[in-house]
Amino acid sequence: MAPSRRDLQLTPLSGDSAAEIGAMEEVRLLDSYDDNDNDDSLSKIEEGSGHSGLRKIQVGVTGMTCAACSNSVEGALMSVNGVFKASVALLQNRADVLFDPNLVKEEDIKEAIEDAGFEAEILAEPVTSGTKTQATLVGQFTIGGMTCAACVNSVEGILRDLPGVKRAVVALATSLGEVEYDPNVISKDDIVTAIEDAGFEGSLVQSNQQDKLLLRVEGVLNELDAQVLEGILTRLNGVRQFRLDRITGELELVFDPEVVSSRSLVDGIEGEGYGKFKLRVMSPYERLTSKDTGEASNMFRRFISSLSLSIPLFFIQVICPHIALFDTVLVWRCGPFMVGDWLKWALVSVIQFVIGKRFYVAAWRALRNGSTNMDVLVALGTSASYFYSVGALLYGAVTGFWSPTYFDASAMLITFVLLGKYLESLAKGKTSDAMKKLVQLTPATAILIEGKGEREIDALLIHPGDSLKVLPGGKIPADGVVVWGSSYVNESMVTGESVPVSKEVDSPVIGGTINMHGVLHIKATKVGSDAVLSQIISLVETAQMSKAPIQKFADYVASIFVPVVITLALFTLVGWSIGGAVGAYPDEWLPQNGTHFVFSLMFSISVVVIACPCALGLATPTAVMVATGVGATNGVLIKGGDALEKAHKVKYVIFDKTGTLTQGKATVTTAKVFSEMDRGEFLTLVASAEASSEHPLAKAIVEYARHFHFFDESAEDGDTSNKVSQNAGWLLDTSDFSALPGKGIQCLVNNKLILVGNRKLMSENSITIPDHVEKFVEELEESAKTGVIVAYSGQLVGVMGVADPLKREAAVVVEGLLRMGVRPIMVTGDNWRTARAVAKEVGIEDVRAEVMPAGKAEVIRSLQKDGSTVAMVGDGINDSPALAAADVGMAIGAGTDVAIEAADYVLMRNNLEDVITAIDLSRKTLTRIRLNYVFAMAYNVVSIPIAAGVFFPVLRVQLPPWAAGACMALSSVSVVCSSLLLRRYKKPRLTTILEITKE
């Protein structure tokens, strides 16, 4: 029974206020993963947009054990009219659903998942400090009871049929479901109820509702304390609603962020209680961690219970007959049966129907949903053994002919299966170790600076703009900017960069990183789900939820596996029975007092229980889960199984030049005037025009001109201390500024047109370039510099040479790619001479220059025509079309948000070596997945004939059902352990990259 709760409604929630409680899901830096194989109509969907007719939700599903369960959930969802796409993650017990809310109501989706027979729980995002209104909420739910992929498919279908549900994704491995829903139509309690009505256990983990707070309260010891706390909450301004669970000490608050902040709310409660109550904000991941350990503990208790009853059974069956005293007691007749038979029947009945109840429940869910899974096989095999034994006893009591019983087979089978499930839950828990380490990076508390004092607060109560103190050795509690002090910060846990980074005033810092030496005062800029660490966690979660295309093979096999196995078992039963009837084998092969039917039945039961669809279902998701976690710890963020799989067969890698192959730190090396204009006047004119541009070359020109200006000033008056004031007054006023991609910029200075750019810009504006100027520009380009031509008032006035140094690892990475069998190509908007000079320096032979941003995507499509897989590495806004067009887009982590949004991989370190790491990790992951499939398939191909007795005439070895069950249980454990070997992955070092050979 769920703990009773007392609800107190402080203010009525009208439609408007309810809408305020919801909030539009924020589009975040690392939140844009979507499968690339969607059709055009689906690819145009903008999440949270009112213009798109489709909605996407994520739901957790409990009860899935194999790919058949996930297929069942997917099938149930796809059968709903209006559902366009359904993707189920077996390992995470979650599913993604894309549907049309005009055709499908949330109630319909909910009913579909319930009819499939699985449990669901809403997945939500952490509470943030924002006040943005949400049209939909994303909730994260735990779903207990899922055993295989069929369970996942079932729960997903139910959730998607619920009215108001926009998206539902369920993951088996984590027993979680993520649901996006409209709070004006359906509540989280309705979703939990739907999960429970489907026969699963459900509860809310977290929500991205931005005016809700979940607190752990200490100090509520009795009814009077609870009443005092409720009185305090009633008096506090801004509190709309609260719910106190007195058993767990959890307090859920709904408040108005426009009236009171989360920190003020906590301070107010503690202050009004005069220190009696101590409140702590609950991290949404606390429940997930406790749930993981709880699942393993629950399975361990079941195993121990079954083992404690199986051991006496084993003694009664094997040991006691050889001990005269015990044998005398066991053979003593009590009613129609002997004492030994009564004891075995009683012990096995408890194991079969109490401890083994979960197998019957899960099998019924699967069959009710029209699918089959591992639980069906276990229930069928154990039931056959149990009911045959009961029948043999009753037959003996009636006729006096006592056939051997096989109660021990049923008991030992359940025991070994539970042992396998326990080991599997432990192993699956280790696949998410990388995610848990990321979650643990965030400190529990922070030191808040208030006026001249400071105090310790919960890190989850930090607001943007807060001043925080970070002590040496302490973790930085939030993303922010250093406002006082200097130190070195270890950012390896987030970026993968092992060398500590120097931090001074105005340096950005990342939450979760470690301050090494000095004391820092920082100003928080991003907290909650906006923080970099939270976005990394979100991206890794999304990646682990996605399905790799190779998983389709396992899904297909799982859909036919159980029916095929049951058919083989029937053939085994009939074949051995007929063979015995016609005398095909001697009666000496039969067990004592046994019949041909009993002999055949044991072979048939062994076939049923030794077959394992779980190993196939776990082969891909476990490897993907480990690989994405390993990638994150190495500074390579992978946005899904699809991207992970595609990267292993990359044939071409296209590099942008500026900021990708080069450092993106352009410097002006030459400035030559070709007119009567003074040099200082020329630089001031160009800098004034470029000051409004965000291009790296523009920033380099402005910086060069500023230094020239200050140098002249200091030469005259010897003062360089007031650069800020000087910087404000030396630029000229501009108007009508326009950036022309691939050409340059233009604007008006003193009401005269100034053009700064390349030859194309000059040609389009009928600016003539004299021969001597052209020769000067060519010389710059041949030395790998970019020539920037300047025209003012219709006349060419000067040229500037800009150099952008290559990244030190660029040449080695290019050579490493060539050794891996990958062909590097450079595509740039720069001129041909500069492009060729840079390409020659790094070792790239294929160069495409003077390419507009849209043209980069055309280059990629031309390479894809023959079926080749193309990767694009870029960093800027102008690279985003190409990143989206490429099969695998890789964004340099220091690049723009738009580029990162469009990419499949994010290289956090801004180091080209990680391109090699991404491809190498993909190859090793796919190799591991194939090995998992080979093992899973080979296991079934070899074990089923052995269990069926194919080799019995030669070897005289019969595999008893309990041994077959042990083999089945350990097969899935072996596959998970195989995937865990990926945790030992070490990315190639600079010194070993050249040793990589083509696979």
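An unreviewed UniProt entry lists the protein under the name HMA domain-containing protein, from Brassica cretica. Database annotation for the protein, UniProt heading Subcellular location (unreviewed entry): "Membrane". According to UniProt, the comment filed for the protein under the heading Sequence similarities (unreviewed entry) is "Belongs to the cation transport ATPase (P-type) (TC 3.A.3) family. Type IB subfamily."

Visitor: Give me the sheet that holds strand 16 (residues 445–450): which residues, what numbers.
Guide: Taking strand neighbours across the sheet as the criterion, the 6 strands line up as 17-16-18-24-19-22 in an open arrangement whose pairing is antiparallel. Two strands lie at the open edges of the sheet, namely strand 17 (453–458) and strand 22 (508–509), each paired on one side alone. Relative to strand 22, strand 19 (residues 479–484) is paired through 2 bridges, and the arrangement is antiparallel. By the bridge assignment for strand 22, G480 is matched with V509.

Visitor: Go over the side chain of S606, please, and point to the residues and values.
Guide: Its place among the elements puts S606 in helix 19 (residues 596–610). Within the structure, the side chain of S606 is placed 3.0 Å from the backbone oxygen of M602, a separation counted as a polar contact. Aside from chain neighbours lying at most four places away, what touches S606 is A947, L959, P960, P961 and A964.

Visitor: Tell me what's going on with the sheet that holds strand 29 (residues 744–749), and back it up with residues and numbers.
Guide: Reading across from one edge, 27-32-31-30-29-28 is the order of the 6 strands in this open sheet, with antiparallel pairing throughout. The strands lining the two open edges of the sheet, one partner per strand, are strand 27 (667–673) and strand 28 (734–740). Taking the axes of each pair of neighbouring strands and ignoring which way they run, one obtains an average angle of 15° across the sheet.

Visitor: Can you lay out the UniProt feature "transmembrane region" (unreviewed entry) in the protein for me, pointing to particular residues and giving the numbers?
Guide: Within the UniProt annotation, "transmembrane region" (unreviewed entry) is assigned to residues 303–325, 345–364, 376–398, 404–423, 553–578, 598–619, 933–955 and 961–982. Within residues 303–325, the helical portion is 83% and the strand portion 0%, while the C-alpha atoms at the span's ends are 31 Å from each other. Overall, residues 345–364 shows 95% helix and 0% strand. The separation of its end C-alpha atoms is 24 Å.

Visitor: I'd like a description of helix 27 (residues 771–782), backed by residues and values.
Guide: Here helix 27 is 12 residues long and its end C-alpha atoms lie 16 Å apart, about the 16 Å a rise of 1.5 Å per residue gives. Burial in helix 27 covers these residues: V773, E774, F776, V777, L780 and E781. One face of helix 27 carries all of its buried residues, which in axial projection span an arc of 160°. Exposed and oriented more than 90 degrees from the buried face of helix 27 are D771, H772, K775 and E782. Residues of helix 27 that are buried make contact with strand 27, helix 26 (759–764), strand 31 (786–792), strand 32 (795–803) and helix 29 (832–842).

Visitor: Now, about the confidence of the model for the protein: what can you tell me, with residues and values included?
Guide: Averaged over all residues, the pLDDT of the protein is 78; the fraction at 70 or higher stands at 82%. At the low end of the mean pLDDT range in the protein sits strand 1 (residues 6–9), at 32; at the high end sits strand 30 (residues 752–757), at 93. Across residues 124–133, where pLDDT falls below 50, the model places 45 contacts with residues more than four positions away in sequence or in other chains. Counting interchain partners and residues more than four positions distant, the pLDDT-below-50 stretch residues 712–728 has 10 contacts.

Visitor: Any details on the packing of aromatic side chains? Residues and values, ideally.
Guide: On inspection of all chains with the given rule, the structure shows 19 aromatic pairs. Ring geometry for F353 and Y360: centres 5.9 Å apart, planes at 20°, overall stacked. For Y360, a relative accessible area of 27% translates into the label partly exposed. Taken together, W576, Y585, W589, F599, F603 and F952 form an aromatic cluster joined through their ring pairs. Positioned over the ring face of F359 is R358, at 5.0 Å from the centre of the ring.

Conventions used here
- Residues numbered from 1 in each chain as written.
- Predicted model: local features only at pLDDT ≥ 70, side-chain atom pairs only at ≥ 80, totals over all residues.
- Heavy atoms only, no water.
- UniProt positions renumbered as here; feature names shortened; annotations may be inferred.
- Pairing = 2+ DSSP bridges.
- Helix = DSSP H or I, 4+ residues; strand = E, 2+ residues; numbered from the N terminus.
- Polar contact = N/O pair within 3.5 Å; in protein donor to acceptor, adjacent residues only side chain to side chain.
- Contact = heavy atoms within 4.5 Å.
- Axes fitted to C-alpha atoms, helices over the stretch in contact; angles between N-to-C directions.
- Expected span 1.5 Å × (residues − 1).
- Buried < 20%, exposed > 50% of the residue type's maximum accessible area, 1.4 Å probe, protein only.
- Arc of directions from axis to C-beta.
- pLDDT = per-residue confidence, 0-100.
- Phe/Tyr/Trp six-rings, centres within 6.5 Å; stacked < 30°, edge-to-face > 60°.
- Lys NZ or Arg CZ within 6 Å of the ring centre and 35° of its normal.

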